[in-house]
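# Summary of structural features
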Amino acid sequence: MKTVQITFLGSVSFLLATTALRAQQTEPAPAKLPIYATISIGYGNTFFSGKLAEKETINDGRGFGRNQGNTLTSWFYAAPAQWKGLGVGAGIKGFFATPNNGGNSETYLFNYYHTGIGAKYYLFSKRFNQGLALKSSFGIGQMTEKTKYNATQTYEHQFAIGTTLLVGLGYSIPILKKRSALNVDFDFETANRRGDVTGVGENQPFRNSHVSLNVGLGF
């Protein structure tokens, strides 16, 4: 009798285990959230307003050049197919101005960055990383401005912290069997920061706008 019971229980256990295994094999695996990364470099120009615009005018009269420089951008987007071309994510963008030399043995340079959240939407293809896209982001960051007096090897620093709003227009060309894309973006930024200015005072406004053309990869 015990042998029959053991055999019966063993058979039932085997059937239950087999059924559970088949259920696991046939149950669809949970879908992974698709994450796209983008990295790009570019070239742009910065336009100041307020106290910085006044300083820029003075610098121009002393032989300094304009405020061109290079950009570096890295961004990550979550873009499920059911969002129909919309991606939402976070990232960072920085600008590094080319040092400008003045007529009085001085060098003027600055850089800034912002990090924040943003979105990118592919208008016509409804597929991320393909075709024409609109994008925007909002973030916070810092600007550092420096004048180096080469004759005395001394520096004058200013820095400010605040917010940046970016809007842009881009185009993505699928490459490598459509697993990646070549991205070309035109960005416009406007920033409003506050900081200390040597000889002027604390909590001064640092306002600027910026345009840049950027090329990179999305994958």
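Small disclaimer: the values here were computed from a predicted structure and weren't measured.

### Comments concerning the confidence of the model for the protein chain
When the pLDDT values of the protein chain are averaged, the result is 84; 84% of them are 70 or greater. Confidence drops under pLDDT 50 across residues 1-17; counting only partners more than four residues distant or on other chains, this segment forms zero contacts.

### Side note on the packing of aromatic side chains
Applying the stated criterion to the full structure yields nine aromatic pairs. Between Phe95 and Phe110, the aromatic rings sit 5.9 Å apart at their centres with planes inclined by 40°, giving tilted as the arrangement. Here Phe110 lies in strand E5 (residues 106-122) and Phe95 lies in strand E3 (residues 86-97), a separation of 15 residues in the sequence. Residue classification places Phe95 among the buried residues on the basis of a relative accessible area of 2%. Given a relative accessible area of 2%, Phe110 falls into the buried group. Through a chain of ring-to-ring contacts, the aromatic side chains of Tyr36, Trp75, Tyr77, Tyr122 and Phe128 assemble into a single cluster. In this arrangement the basic side chain of Arg193 is found over the ring face of Tyr112, its NZ or CZ atom lying 4.9 Å from the centre.

### What to know about the nonpolar core
Counting residues in each nonpolar core, the largest one holds 12 residues, listed as Phe48, Leu52, Phe64, Phe95, Ala97, Tyr108, Phe110, Tyr112, Met143, Ala160, Val197 and Phe206. Mapped by element, the contributors of at least two residues to this core are E3 and E5. Sorting elements by how many residues they give to this core places E5 first, with three residues. Leaving out residues up to four positions away in the same chain, Ala97 has contacts with Gln68, Gly69 and Phe110. Listed in part, the six residues of the second largest apolar core include Trp75, Tyr77, Ala79 and Ala133.

Criteria and thresholds
Every chain's residues receive numbers from 1 upward, in the order its sequence appears when written. The model is predicted, so local features are restricted to residues of pLDDT at least 70 and side-chain atom pairs to those at 80 or more, both for listing and for counting; the totals for chains, interfaces and linings are taken over all residues. The side-chain values count all of the structure's non-hydrogen atoms but skip hydrogen atoms and water molecules. A score between 0 and 100, pLDDT records how confident the predictor is in each residue. We call two residues in contact whenever any of their non-hydrogen atoms come within 4.5 Å of each other. Pairing of aromatic side chains requires ring centres within 6.5 Å, counting the rings of Phe and Tyr and the six-membered ring of Trp. Pairs whose planes differ by under 30 degrees are stacked, by over 60 edge-to-face, and all others tilted. We count a stretch as a helix when DSSP gives it H or I for four or more residues in a row; a strand needs E for two or more, and each element gets its number in order from the N terminus. Residue burial is assigned from relative accessible area. The probe radius is 1.4 Å, only protein chains are included, and a residue is buried under 20% of its type maximum, exposed over 50%, and partly exposed in between. Remark: a charge is flagged as sitting over a ring if the NZ atom of Lys or the CZ atom of Arg is within 6 Å of the ring centre and within 35 degrees of the ring normal. Residue types Ala, Val, Leu, Ile, Met, Phe, Trp, Tyr and Cys, when buried and joined through side-chain atoms within 4.5 Å, form a set referred to as a nonpolar core.

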